[in-house]
There are 2 protein chains.
Amino acid sequence: MIHRIPPGTRDVLPDEMRELRALSETLRHEFEAAGYGEVWTPALEYEEVLQRGDERLAGAGFRVLDAQGDLLQLRSDATIPIARMVSTRYEDAPVPLRFCYLAHAYRAHEAAGQPAEFLQAGIELMGLEAPAGDAEVVVLVIRALEAAGLRRHKLGIGDGDLYRTLLRELEVPEEERLPLLEQLARRNLVGVEMAIEKLGMSRAAHDLLVTLPTLRGGPEVLDRADGPVARAVDNLRGCYELLAEQGVADRVILDLGLLRELGYYTGAVFEVYDPAVGFALGGGGRYDDLLGRFGRALPACGVALDVQRLHLAQTAEEREGA
Amino acid sequence: MIHRIPPGTRDVLPDEMRELRALSETLRHEFEAAGYGEVWTPALEYEEVLQRGDERLAGAGFRVLDAQGDLLQLRSDATIPIARMVSTRYEDAPVPLRFCYLAHAYRAHEAAGQPAEFLQAGIELMGLEAPAGDAEVVVLVIRALEAAGLRRHKLGIGDGDLYRTLLRELEVPEEERLPLLEQLARRNLVGVEMAIEKLGMSRAAHDLLVTLPTLRGGPEVLDRADGPVARAVDNLRGCYELLAEQGVADRVILDLGLLRELGYYTGAVFEVYDPAVGFALGGGGRYDDLLGRFGRALPACGVALDVQRLHLAQTAEEREGA
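Everything quoted here is computed from the prediction, not taken from an experiment. (Residues numbered from 1 in each chain as written. Chains lettered and ligands numbered in written order. Predicted model: local features only at pLDDT ≥ 70, side-chain atom pairs only at ≥ 80, totals over all residues. Heavy atoms only, no water.)

(A) Here's a closer look at the overall build of chain A. Helices and strands together make up the secondary structure of chain A, namely 13 helices and twelve strands. Against the 2.2 N^0.38 benchmark of 20 Å for 322 residues, chain A shows a C-alpha radius of gyration of 20 Å, consistent with a compact globule. Counting only C-alpha atoms and orienting by the principal axes, one finds that chain A spans roughly 60 × 50 × 50 Å. A burial count over chain A gives 58% of its 322 residues as buried. A separation of at least 24 residues holds for 70% of the contacts in chain A among residues at least 6 apart in sequence. Roughly 12900 Å² of accessible area belongs to chain A as shown, and the carbon and sulfur atoms make up 49% of that amount. Charge centroids of chain A, computed over 35 positive and 53 negative side chains, lie 2 Å from each other. (Helix = DSSP H or I, 4+ residues; strand = E, 2+ residues; numbered from the N terminus. Rg over C-alpha atoms; globule rule 2.2 N^0.38 Å. Buried < 20%, exposed > 50% of the residue type's maximum accessible area, 1.4 Å probe, protein only. Contact = heavy atoms within 4.5 Å. Areas by Shrake-Rupley, 256 points an atom, 1.4 Å probe, with all protein chains shown as cover. Lys, Arg positive; Asp, Glu negative; His and termini not counted. Charge placed at Lys NZ, Arg CZ, Asp CG, Glu CD.)

See the structure below:
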């Protein structure tokens with residue numbers, strides 16, 4: 001007898017659960033050993049509080065009406081609730097603050113096939129500027145994935161503000177910018193190029209807009225991007241140098257077309273890959289404006305890993321004998 | 001700057017979280033070592049599916065409307081979702097089935113002060129009859145709490161059907177029964193007595209109805225209850241003997257007034273206490289009719305522990321130097 005469960009959710013049976021639990025415990029131990037203390041925030045938050053963090057993100061959640069008639073939402077990520085918590089509970093605490101979490105997040109989707117409930121293991125580092133903070137987070141994520149048994153994982157690093165800056169500097173009309181950024185966030189480079197054609201820019205501007213998102217590789221890609229995006233490129237260079245010093249440069253792909261969908265990133269953005277599977281295992285970035293919206297302005301960055309996807313990558317690596 | 005969170009929810013900061021995590025990991029290890037495999041069911045379920053398990057319980061949850069317009073609920077306990085899962089995913093599996101879980105449950109309250117989100121660590125044993133199944137669950141819970149460092153915990157055992165049977169056998173009018181059971185579930189013995197006075201029963205029936213819920217202690221209390229409730233008393237005696245054989249009789253209180261609020265219990269009911277704190281640390285019981293409602297009829301019983309409350313008891317015991 002089959003009783004349906006909501007689309008995008010699943011039952012996890014003991015054999016799989018044992019592996020997911022081992023994986024999340026490994027990540028949690030690595031994070032805690034690096035000084036990132038685990039926190040728990042409620043799965044339910046007031047919608048108005050989440051909206052203070054990011055209006056677009058807040059719309060992605062399941063909405064819940066409580067007994068008092070207030071509108072709540074299931075958290076759709078952990079970063080906004082932790083930012084909320086820091087302003088309330090760490091108002092005067094010395095920085096940097098380091099937190100980790102192991103919690104499910106929830107997203108409501110119109111279309112089927114997307115996960116509605118997913119287990120995230122993540123870290124947040126608050127009070128440390130770029131590039132030192134970015135590098136600390138990236139190194140920890142790479143090391144934690146090694147501890148979890150991955151051997152082929154890579155971490156893409158881009159800048160969430162780079163293309164936005166470029167569009168502004170090249171004086172692309174404001175109403176054209178958001179659609180372009182959305183195409184880019186979806187990695188639709190053909191769509192990006194078509195939209196740029198329509199703008200009727202100068203040859204040089206056109207080429208810069210089309211080429212920049214395709215630059216991907218080692219530190220040499222940074223030499224091909226400057227001018228209007230020099231600040232972002234300088235920051236990426238600084239971050240890369242710190243990563244090279246710590247011996248993880250071979251795990252890093254600089255990716256100037258990388259743009260995470262979430263609206264609150266202000267600098268470096270990260271995406272975690274494994275060649276054994278065709279999807280990102282997690283991501284994150286720098287969000288220097290978010291904490292200020294809740295009352296304690298601090299530079300910050302973080303990464304969330306999707307434990308379920310990590311597990312699939314682990315299994316795929318083992319199958320390949322990698 | 002304070003941003004409110006929903007009533008009954010809380011942020012857990014690293015110092016406390018470390019202890020809660022250690023506690024839940026200890027419980028999980030004990031459960032798994034005893035052959036109870038951890039499972040995860042979605043936090044969101046269709047309301048109609050939860051209602052199949054228990055109409056009253058289903059009403060206790062937060063309601064969520066999904067993007068397809070279907071009515072979902074946050075799970076308000078783990079037992080009904082696991083019963084749902086067993087019928088779907090373990091349709092022909094050999095019994096007994098043993099599962100454990102570590103998951104939050106959610107209850108919506110009209111009044112403030114009640115927890116809306118609470119972390120449960122629990123076990124479910126399916127396919128083993130009373131009293132053997134009851135005793136296995138009780139012993140495991142007592143041992144797991146010992147492993148978690150508790151020294152003074154006790155487990156109350158009653159029978160969820162005993163008073164209902166008594167009311168029926170004594171021919172108490174049907175419309176009077178539910179209010180009486182509700183008073184008893186709230187442990188309002190004065191209210192119970194007042195309601196019984198109004199019934200105008202014979203002296204013998206009146207005394208039985210008033211005395212039975214006050215019987216609490218060792219196996220001697222069973223000698224004082226028989227007649228209409230002989231079946232329940234036999235079962236409790238059988239369970240107690242198995243517990244005595246396994247050396248945990250000193251942890252057990254037989255309690256004929258114990259009646260858990262949840263509607264699906266059909267036999268033994270359990271409640272976990274610690275004299276260091278004034279609230280139950282968890283509870284459970286036998287629910288032989290629940291699985292059949294989902295399609296695979298199996299006798300079953302289980303216990304859920306409230307990890308947060310266990311932690312308070314742990315701390316209180318340490319403070320007392322127990």
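(B) Inspection of the relation of the copies chain A and chain B at higher detail. Under the fitted operation, chain A is carried onto chain B by 0.0 Å of movement along the axis and a turn of 180°, and the coordinates agree to an RMSD of 0.0 Å. What the superposition gives is, in effect, a two-fold axis relating one chain to the other. In terms of proximity to the rotation axis, the leading residue of chain A is A:Val64, whose C-alpha is 2.5 Å off the axis. Mapped onto chain B, 100% of the interface residues of chain A are again interface residues, and the two copies thus contact each other with one and the same surface. (Least-squares fit on C-alpha atoms with pLDDT ≥ 70 in both.)

(C) Structural view of the sheet that holds strand β9 (residues 252-255) of chain B. All names here are of chain B. Spatial strand order, β1-β5-β6-β12-β11-β10-β7-β9-β8: nine strands in an open sheet with mixed pairing. Of all the strands in the sheet, the pair left with one neighbour each is β1 (37-38) and β8 (216-217). Pairing geometry for β1 and strand β5 (residues 97-106), over two bridges, is parallel. Across the sheet, the residue bridging to Gly37 is Phe99, located in β5. Helix-sheet contacts for helix α5 (residues 132-147) involve β5, β6 (117-126), β7 (154-159), β9, β10 (268-273), β11 (282-286) and β12 (300-306), and the interaxial angle to β12 is about 20°. (Pairing = 2+ DSSP bridges. Axes fitted to C-alpha atoms, helices over the stretch in contact; angles between N-to-C directions.)

(D) Structural context of the packing of helix α1 (residues 14-33) of chain B against helix α13 (residues 307-320) of chain B. All names here are of chain B. Taken N-terminus to C-terminus, the directions of α1 and α13 make an angle of 105°; their axes are 10 Å apart at the nearest point. Looking at the two axes, α1 sits roughly perpendicular to α13. Facing Glu16, Glu19, Leu20, Leu23, Ser24 and Leu27 of α1, the residues of α13 in contact are Val307, Gln308, Leu310, His311 and Gln314. Along the lines of polarity and charge, the residues of the contact of α1 with α13 split into five nonpolar, four polar and two charged. (Parallel < 35°, antiparallel > 145°, perpendicular 65-115°, else oblique. Nonpolar A, V, L, I, M, F, W, Y, C, P; charged D, E, K, R; others polar.)

(E) Structural context of helix α6 (residues 162-169) of chain A. Residue and element names in this part refer to chain A. Regarding α6, the residues found buried are Leu162, Tyr163, Thr165, Leu166 and Leu167. Buried residues belonging to α6 abut β7 (154-159), α7 (174-185), α8 (189-199), α9 (203-211) and α11 (230-245). Where α6 ends, the next residue or the one after it, Glu171, has phi of about 55°, a positive value.

(F) Molecular detail of the pattern of salt bridges. Considering all chains together, one arrives at 46 salt bridges over all chains under this definition. A:Arg286 serves as the salt-bridge partner of A:Asp288, at 2.8 Å between the closest nitrogen and oxygen. Judged by relative accessible area, A:Arg286 falls into the buried class, the value being 2%. Through salt bridges with shared partners, a single ionic network connects A:Arg21, B:Glu25, B:Arg28, B:Glu32 and B:Glu38. (Salt bridge = Lys/Arg side-chain N within 4 Å of Asp/Glu carboxyl O.)

(G) Quick peek at the pairing of strand β5 (residues 97-106) of chain A. Residues and elements named next belong to chain A. Judged by how many residues are buried, β5 sits mostly within the fold: nine of ten residues are covered. Sheet topology places β5 next to strand β6 (residues 117-126); ten bridges connect them, and they run antiparallel. Paired with Leu102 across the strands is Ala121, a residue of β6.

(H) Region of interest: the packing of helix α8 (residues 189-199) of chain B against helix α9 (residues 203-211) of chain B. Residues and elements named next belong to chain B. Two elements in contact, α8 and α9, have axes separated by 10 Å at closest approach and are oriented at 165°. Relative to α9, the element α8 is oriented roughly antiparallel. Relative to α9, α8 is oriented so that their crossing is right-handed. Residue-level contacts link Glu193, Ile196 and Glu197 of α8 to His206, Leu209 and Val210 of α9. Tallied by class, residues from the contact of α8 with α9 come to three nonpolar, one polar and two charged. (Left-handed = near helix turned anticlockwise from the far one by under 90°.)

(I) Focus on the interface of chain A and chain B. With 58 residues of chain A in contact, the opposing surface of chain B contributes 58 residues. When chain A packs against chain B, close to 5300 Å² is buried across both sides, 56% of that on carbon and sulfur atoms. The interface formed by chain A and chain B contains six salt bridges. Residues B:Arg84 and A:Asp11 are paired through a salt bridge, measuring 2.6 Å at the closest nitrogen-oxygen approach. Top element by residues in the side of chain A that touches chain B is helix α1 (residues 14-33) of chain A. It accounts for seven residues. (Buried area = accessible area lost by both parts, 1.4 Å probe.)

(J) Layout of the environment of B:Val138. Residue and element names in this part refer to chain B. Mapped onto the fold, Val138 is located in helix α5. When the C-alpha atoms of Val138 and Arg237 are compared, they prove to be 14 Å apart, with 99 residues separating the residues in sequence. Apart from residues no more than four positions distant in its own chain, Val138 is found in contact with Leu155, Ile157, Leu243 and Phe270.

(K) Local environment of the pairing of strand β10 (residues 268-273) of chain A. Residues and elements named next belong to chain A. Most of β10 is tucked away: six of the six residues are buried. Of the two faces of β10, the one lined by Ala268, Phe270 and Val272 and the one lined by Val269, Glu271 and Tyr273 are each fully buried. As paired elements, β7 and β10 share six bridges and run antiparallel to each other. Paired with Asp159 across the strands is Ala268, a residue of β10. Pairing geometry for β10 and strand β11 (residues 282-286), over four bridges, is antiparallel. Each bridged residue has a counterpart across the sheet, and for Val272 the counterpart in β11 is Gly282.

(L) Just the side chain of A:Asp255, in detail. Residue and element names in this part refer to chain A. By the element assignment, Asp255 lies in strand β9 (residues 252-255). At 3.2 Å, the side chain of Asp255 and the side chain of Arg216 are in polar contact. Those residues in contact with Asp255 that lie beyond four places of it in its chain are Ile157, Gly158, Arg187, Pro213, Leu215, Arg216 and Tyr273. (Polar contact = N/O pair within 3.5 Å; in protein donor to acceptor, adjacent residues only side chain to side chain.)

(M) Local environment of the packing of aromatic side chains. Counted according to the given criterion, the structure contains six aromatic pairs over all chains. Relative to A:Tyr287, the ring of A:Tyr264 has its centre 5.7 Å away and its plane inclined at 65°; by these criteria the two rings are edge-to-face. Taken together, the positions of A:Tyr264 in the loop between β9 and β10 and A:Tyr287 in the loop between β11 and α12 (290-294) put the pair 23 residues apart, joining distant regions of the chain. With respect to class, A:Tyr264 is no different from A:Tyr287; both count as buried. When the centroid spacing of 5.1 Å and the interplanar angle of 65° are considered together, the rings of B:Tyr264 and B:Tyr265 count as edge-to-face. Looking at B:Tyr265, the relative accessible area reads 8%, which means it is buried. Three or more aromatic residues link up through ring pairs in this structure, and these residues are A:Tyr264, A:Tyr265 and A:Tyr287. Taking NZ or CZ as reference, A:Arg216 lies 5.9 Å from the ring centre of A:Tyr273, over its face. (Phe/Tyr/Trp six-rings, centres within 6.5 Å; stacked < 30°, edge-to-face > 60°. Lys NZ or Arg CZ within 6 Å of the ring centre and 35° of its normal.)

That is the geometry; function is a separate question.
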